[in-house]
Each structure stands twice: as structure tokens, then as C-alpha cells.
Amino acid sequence: MAGISWVPIAFFLFLALAFSAVPTASAGGEGSLQHEECAKACEYRCWATSHQKRCLFFCNYCCERCLCVPSGTYGNKEECPCYNNIKTKEGGPKCP
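Residues numbered from 1 in each chain as written. Predicted model: local features only at pLDDT ≥ 70, side-chain atom pairs only at ≥ 80, totals over all residues. Heavy atoms only, no water.

Remarks on the overall build of the protein
Scanning the protein from N- to C-terminus turns up four helices and zero strands. Listed N to C, the secondary structure of the protein is α-α-α-α in terms of helices and strands. Looking at the protein as a whole, 24% of its 96 residues are labelled buried. Nonlocal contacts in the protein, meaning residues at least 24 apart in sequence, comprise 52% of its contacts between residues at least 6 apart. Summed over all atoms, the accessible surface of the protein reaches about 6800 Å², with 63% contributed by carbon and sulfur. (Helix = DSSP H or I, 4+ residues; strand = E, 2+ residues; numbered from the N terminus. Buried < 20%, exposed > 50% of the residue type's maximum accessible area, 1.4 Å probe, protein only. Contact = heavy atoms within 4.5 Å. Areas by Shrake-Rupley, 256 points an atom, 1.4 Å probe, with all protein chains shown as cover.)

Some details on the packing of helix α2 (residues 38–45) against helix α3 (residues 52–66)
In the contact formed by α2 and α3, the axes pass within 9 Å of each other and the chain directions differ by 135°. Taken together, α2 and α3 sit at an angle that is classed as oblique. For the element pair α2 and α3, the recorded crossing hand is right-handed. Here Cys38, Ala39, Cys42, Glu43 and Arg45 of α2 come into contact with α3, specifically with Leu56, Cys59, Asn60, Cys63 and Glu64. (Axes fitted to C-alpha atoms, helices over the stretch in contact; angles between N-to-C directions. Parallel < 35°, antiparallel > 145°, perpendicular 65-115°, else oblique. Left-handed = near helix turned anticlockwise from the far one by under 90°.)

A word on the layout of surface pockets
If you add up the space inside the largest pocket, you get close to 340 Å³. Along its surface, the largest pocket is lined by 15 residues, and Thr49, Arg54, Cys55, Lys94 and Pro96 are the ones closest to its centre. The element best represented in the lining of the largest pocket is α3, accounting for three residues. Partitioned by chemical class, the residues of the lining of the largest pocket number six nonpolar, five polar and four charged. (1 Å grid on protein atoms, 1.4 Å probe; cavity = no way out; pocket = protein on both sides within 12 Å on 5 of 7 lines; lining within 4 Å. Points joined across faces, edges and corners; volume = space filled by probe spheres on them. Nonpolar A, V, L, I, M, F, W, Y, C, P; charged D, E, K, R; others polar.)

Some words on the environment of cysteine 55
Take cysteine 55: it is sitting in helix α3. For cysteine 55, a relative accessible area of 11% gives the class buried. Along the chain, cysteine 55 and cysteine 95 lie 40 residues apart, while their C-alpha atoms are 8.0 Å from each other.

Brief notes about the state of the cysteines
Per the counting criterion, the structure on display carries six disulfides. Two residues, cysteine 42 and cysteine 59, share a disulfide whose sulfurs are 2.2 Å apart. Its S-S torsion of approximately -85° makes the covalent link between cysteine 42 and cysteine 59 left-handed. With a gap of 17 residues between them, cysteine 42 in helix α2 and cysteine 59 in helix α3 connect regions that are remote in the sequence. Taking relative accessible area as the criterion, cysteine 59 reaches 0% and is therefore assigned buried. Bridging cysteine 66 to cysteine 82, the disulfide has an S-S length of 2.1 Å. For the disulfide bridge between cysteine 66 and cysteine 82, the dihedral angle about the S-S bond is near -70°, and by the sign convention the bridge is left-handed. Of this pair, cysteine 66 sits in helix α3 while cysteine 82 is found in helix α4 (residues 81–85), placing the two residues 16 residues apart along the sequence. (Disulfide = S-S within 2.5 Å.)

Laid out in C-alpha cells, this is it:
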């Protein structure tokens, strides 16, 4: 009888704990964040981009206005209508 290796189980538990500890950008809707929480939410939102400095600048700008940052690193803007509705002069999205 082959014994179950503890390595895959330990790896799975490690991943589960790691992802449960990852701070998510607030998906609670507008006004769900406080001003001092914007930096951390934007840091998570922008961690995967190659344009990190620009992403952080505009994310923080939008968060300060809306007090909300969509969850994840891309998309989900329907969670924060204010964040989604801030546009550039050309009509494109301003918030990452």
C-alpha cells in the first residue's frame, strides 16, 4: 500500500494560507475604504503591472476621490462605479 506523500498536502496548505493572507483591494463599494487604506489597496492592485509608478499614482488619485479600489489586479471595476467613471480628456479610463 503506497503511503500518501505529505509534500503535496503541505504545499497545498501553504498556498491556501498564503492566498488567504493576501490583502484584497476593497470590493465593498464606494466609501468602503478610509484614506489611509488607499495606499495598501493600490499597492495590491498595481503589483503585477510593468508601469507600477504610473499605476500607483492614478490608483491613489482615484481611491482618494472614491474611497474604493476594485478587487484584484485587473478588471472588476463594476465594484466601484465612481472609480470606473473617472475618465481622461479623451474619454478613456483614468483609473487602473
